[in-house]
Amino acid sequence: GNPVARMEGGLDTAQVVSAFADGGRVAMAGADEVRVWELATGRQLHAWPVREGLTELIAASPDGKTVAVCTRSGRLSLRAVDTGKEVVGADKVYG
């Protein structure tokens, strides 16, 4: 099919992607950061670093306010989308 949006200045490699329930945003994680994009404009809304290792999984919450980030080191963190601040975190949840 045809591309829905192009994210300019994005990650070199998106390891994992999660769509938001509103259908208007997407979160992408690369080796060391997470970025949130607006699909209609291709504009980056938010970005924050991930220092706990390679991101293996991300998932946007149904209300769109948080993103769960799980890294290869086994760290799970819930981050506020608008600030990137960790709301809840736990080490060695798997692996």
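Look above for the structure.
Residues numbered from 1 in each chain as written. Predicted model: local features only at pLDDT ≥ 70, side-chain atom pairs only at ≥ 80, totals over all residues. Heavy atoms only, no water.

As a further point, take the pairing of strand β4 (residues 43-49). As defined by bridge partners, strand β3 (residues 33-38) adjoins β4 across six bridges and the pair is classed as antiparallel. Considered in β4, the bridge of E33 is made with P49. Once β3 ends, the chain turns through four residues before running back antiparallel as β4, passing G42 with a positive phi of about 75°. (Pairing = 2+ DSSP bridges. Helix = DSSP H or I, 4+ residues; strand = E, 2+ residues; numbered from the N terminus.)

A word on the sheet that holds strand β5 (residues 55-60). Sheets are built from strands that pair by backbone hydrogen bonding, the pairs being arranged parallel or antiparallel. With respect to topology, four strands assemble into an open sheet ordered β5-β6-β7-β8, the strand pairing being antiparallel. Only two strands of the sheet have a single partner each, and these edge strands are β5 and β8 (86-90). Strand-to-strand, the axes of this sheet are offset by a mean angle of 15°, without reference to chain direction. Where strand β7 (residues 76-80) and β8 come together, four bridges link them in antiparallel fashion. Bridge pairing in β8 links S77 to G89. (Axes fitted to C-alpha atoms, helices over the stretch in contact; angles between N-to-C directions.)

Each aromatic ring pair is summarised here by two numbers: the centre-to-centre distance and the angle between the ring planes. Summed over the entire model, instances satisfying the criterion amount to zero aromatic pairs. Above the plane of the ring of F20 lies R25, whose end atom (NZ or CZ) is 4.1 Å from the centre. (Phe/Tyr/Trp six-rings, centres within 6.5 Å; stacked < 30°, edge-to-face > 60°. Lys NZ or Arg CZ within 6 Å of the ring centre and 35° of its normal.)

Below, the discussion takes up the side chain of R25. Structurally, R25 is set in strand β2 (residues 25-29). A polar contact of 3.0 Å, which involves the side chain of R25, links it to the side chain of D22. When sequence neighbours within four positions are dropped, the list of residues in contact with R25 reads A19, F20, V36, W37, L39, L45, G64 and V81. (Polar contact = N/O pair within 3.5 Å; in protein donor to acceptor, adjacent residues only side chain to side chain. Contact = heavy atoms within 4.5 Å.)

Time to look at the side chain of T55. Within the fold, T55 resides in strand β5. When residues no more than four places from it in sequence are discounted, the contact partners of T55 are Q15, V16, A29, G30, A31, V50, V69, C70 and T71.

A few words now on the pattern of salt bridges. Within the structure shown, the criterion is met by five salt bridges. Close ionic contact of R25 with D22 constitutes a salt bridge, the shortest N to O distance being 3.0 Å. (Salt bridge = Lys/Arg side-chain N within 4 Å of Asp/Glu carboxyl O.)

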